[in-house]
Amino acid sequence: MTITIVNRRGPPYIARWLTKMDMGIEKVVVYVVILLVCTYIAVIFITSVLIPKKVEAGNTTKIVDRVTGSLWFSNEPEIVVRSKKINGEFEYSVDASIGMRFDGKTAEEITAFPVVSFKGAKNRDDKATDITIKKGETKYTALNFKLRSMERPMIINDKSTEFRCGSDLSKCLVYDKQKLLLKDFFFSFSAFQIVPKIGPCVLVSEIQCPGEKRVVNLKLDDEKEPCNSQEEKKNCAKTEKMCGTLANIQLVKIETDESLLERILPGSPSCGDKAFAVDISVGSVDKNIFAGKFGWKIGEDITFGFWEKTDKKDPENCWRDGGEGCADLYLGEKVVTIPVESYK
């Protein structure tokens, strides 16, 4: 019986039934294949056209991939950062040399302009430069950005393992949103107070070494007294074991340039306006614990964002405030950690 069915031998009605069954299975398979192909095409369309992608490939970064083509940030930019204090603010001048490549598909060129975000501020370059890149071309452009911010410059002591006060507290002052770089250690500071003018200011210190990150809170229970005179010294001095060594940090004193009016007004000055004298020392990082993979890139980040300029809409104000249709003009961004040698 089995041989008769497999070889289509036997009564005619059995052969006809098997033939119809095979045809039905073939149709189902065809339908399933068509459905899978359509789904795959739809997914490719959505992810590549509607959603800008960032794809890392060595030192190149694909910041947008559209039907018109792909735009690449083709190298790590050369950056120089300078700063100066002007009327209570800090002006940062950022010189950058960037390279961009356009892999055109349906378009022969693309025009973009860059915007930089740094220290909580954002701006176009001084000359409002538009970068027009032809299909298959890599274009290098020198840009200069000027930004005003209340955030102070980073303190760079990358050759030292100490940030000491000594007899002069002005040598060890840090402020809200400021950063400090020591040898193989990076500190980020922020200050807050739960209720203005009630309770002590808290200095939050985020400590990073190549393989670990810790956050410690420091405060003076009595802000009129230095740490050494506090009843609870453990609140103003901490020691963290990190990367095979020790990081010691002490909130020595809080400096406040407070006028009579500010003493009377609640919430003035805020903790963010005060200066914190800190005494810091770190040991030598044990590089053996990284199994030969020691090496890290740490510091301040700067963001290069790119907007497309078209005949249909001028995105001149999109980068500032956004608005209707602006999202379609945003090409993407590249976040760069500024090398220590870039600060002048």
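Residues numbered from 1 in each chain as written. Predicted model: local features only at pLDDT ≥ 70, side-chain atom pairs only at ≥ 80, totals over all residues. Heavy atoms only, no water.

### Some points on the state of the cysteines
In step 1: Counting across every chain of the model gives five disulfides.
In step 2: Note that C227 is cross-linked by a disulfide to C236, the S-S spacing being 2.0 Å. On the S-S bond that ties C227 to C236, the torsion sits near 80 degrees, and the link is right-handed. Neither residue differs from the other here; C227 and C236 are each classed as buried. (Disulfide = S-S within 2.5 Å. Buried < 20%, exposed > 50% of the residue type's maximum accessible area, 1.4 Å probe, protein only.)

### Regarding the sheet that holds strand β14 (residues 185–192)
In step 1: Strand order in this open sheet of five strands is β10-β13-β14-β15-β16, and the pairing throughout is mixed. Because the sheet does not close on itself, it has two edges, and the strands there are β10 (155–156) and β16 (212–219).
In step 2: In this sheet, strand β13 (residues 179–182) lies alongside β10 in parallel orientation, the contact comprising two bridges. Looking across to β13, one finds that I156 is bridged to L181. (Pairing = 2+ DSSP bridges. Helix = DSSP H or I, 4+ residues; strand = E, 2+ residues; numbered from the N terminus.)

### Focus: the pattern of salt bridges
In step 1: In total, this model carries 19 salt bridges according to the counting rule given.
In step 2: R148 is the salt-bridge partner of E89, the closest N and O atoms lying 3.4 Å from each other. One end of the pair, E89, is in strand β5 (residues 89–104); the other, R148, is in strand β9 (residues 138–149), and 59 residues separate them in sequence.
In step 3: Residue class for E89 comes out partly exposed when judged on its relative accessible area of 27%.
In step 4: Accessibility expressed as a relative area gives 38% for R148, which makes it partly exposed. (Salt bridge = Lys/Arg side-chain N within 4 Å of Asp/Glu carboxyl O.)

Keep in mind these numbers describe shape, not what the thing actually does.
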